[in-house]
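Survey of secondary and tertiary structure
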Amino acid sequence: KAGVTQTPRYLIKTRGQQVTLSCSPISGHRSVSWYQQTPGQGLQFLFEYFSETQRNKGNFPGRFSGRQFSNSRSEMNVSTLELGDSALYLCASSLNAANNEQFFGPGTRLTVL
Amino acid sequence: KQEVTQIPAALSVPEGENLVLNCSFTDSAIYNLQWFRQDPGKGLTSLLLIQSSQREQTSGRLNASLDKSSGRSTLYIAASQPGDSATYLCAVLGAAGNKLTFGGGTRVLVKP
């Protein structure tokens, strides 16, 4: 069974640009969550999607947005990039909406110059 | 607001020694607790999941305990090996859906 996949694995952008990251969950999993990991703040929850609906949102500005498609694949978008958005963005999938084990992808390393 | 703490932040042990990693959380109203391993620059690998109704979970050389009432979990790794060198993270799942709250991690170095 294939694991969680994330594309691209690495990205370099400049301030002010926007970026879209993609996550494909484990086959059959319907919940996708996104996390940001930085050396200073650690792992922080961005948002969770289940059945194409955002169920939870973390404490991030509106520049961070996401969506989920009918095949459970998810994308997150960051607009007007800032230097502080440089981070490892991790996607996690779980079977459904009810407190299951979460499985993480390899992450997308975003560098903002 | 749930807060998760892992102490120590870093640990160095000689090969063969048992590892004891600690995790504490402030709100005992959790659904489960997961332990993860992260190698440098990589994603998270799930090691053990303990449901709130369980006291411990075991997988090979790994054993994790959970004391929900005191807000503590401990991960034991028996007979450590250099390949166990990594950062270990604990995370709790609260009431708000599949939102994990993570500790800061313990960076482990096992010296040959």
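Residues numbered from 1 in each chain as written. Chains lettered and ligands numbered in written order. Predicted model: local features only at pLDDT ≥ 70, side-chain atom pairs only at ≥ 80, totals over all residues. Heavy atoms only, no water.

With that out of the way, let us pick up the interface of chain A and chain B. Interface size is commonly expressed as the accessible surface area that is lost when the partners come together. Across the boundary between the two partners, chain A contributes 23 residues, which contact 20 residues of chain B. Taken over both partners, the interface formed by chain A and chain B buries close to 1600 Å², and the fraction arising from carbon and sulfur atoms is 50%. There are 0 salt bridges connecting chain A and chain B. Inspection of the chain A/chain B interface yields 4 residue pairs in polar contact (both at pLDDT 80 or more). Counting only elements with at least two residues in the side of chain A that touches chain B, the list comes to β4 (31-38), β5 (42-50), β6 (53-57) and β9 (87-94) of chain A. Residue contributions to the side of chain A that touches chain B peak at 4 residues, all from β4(A). (Contact = heavy atoms within 4.5 Å. Buried area = accessible area lost by both parts, 1.4 Å probe. Salt bridge = Lys/Arg side-chain N within 4 Å of Asp/Glu carboxyl O. Polar contact = N/O pair within 3.5 Å; in protein donor to acceptor, adjacent residues only side chain to side chain. Helix = DSSP H or I, 4+ residues; strand = E, 2+ residues; numbered from the N terminus.)

Residue and element names in this part refer to chain B. The 5 strands lie next to each other as β1-β3-β8-β7-β6, forming an open sheet whose pairing is antiparallel. Unpaired on one side and paired on the other, β1 (4-7) and β6 (56-59) mark the two borders of the sheet. Here the strands of the sheet are splayed against their neighbours by 15 degrees on average, with no regard to which way each runs. Note that β1 and strand β3 (residues 19-25) share 4 bridges and pair antiparallel. Note that in β3 the partner of glutamine 6 across the bridge is cysteine 23. (Pairing = 2+ DSSP bridges. Axes fitted to C-alpha atoms, helices over the stretch in contact; angles between N-to-C directions.)

The tally for this structure, following the rule as stated, stands at 7 salt bridges over all chains. Asp85(A) serves as the salt-bridge partner of Arg63(A), at 2.8 Å between the closest nitrogen and oxygen. Of the two residues, Arg63(A) sits in the loop between β6 and β7 (64-68) while Asp85(A) sits in the loop between β8 (74-78) and β9, which places them 22 residues apart along the sequence. Taken individually, Arg63(A) and Asp85(A) each receive the classification buried, so the pair is uniform in this respect. Salt-bridge contacts for Arg37(B) lead to Asp39(B); the nearest nitrogen and oxygen are separated by 3.0 Å. Exposure remark for Asp39(B): the relative accessible area of 27% places this residue in the partly exposed category. Residues participating in the shared-partner salt-bridge network are Arg63(A), Glu82(A) and Asp85(A). (Buried < 20%, exposed > 50% of the residue type's maximum accessible area, 1.4 Å probe, protein only.)

Moving on: the side chain of Arg37(B). Residue and element names in this part refer to chain B. Summarising the element assignment, arginine 37 is placed in strand β4 (residues 32-38). A relative accessible area of 18% means that arginine 37 is categorised as buried. At 3.4 Å, the side chain of arginine 37 forms a polar contact with the backbone oxygen of serine 85. Among all residues touching arginine 37, those that are not within four sequence positions of it are Gly43, Leu44, Thr45, Leu47, Gly83, Asp84, Ser85, Ala86, Thr87 and Tyr88.

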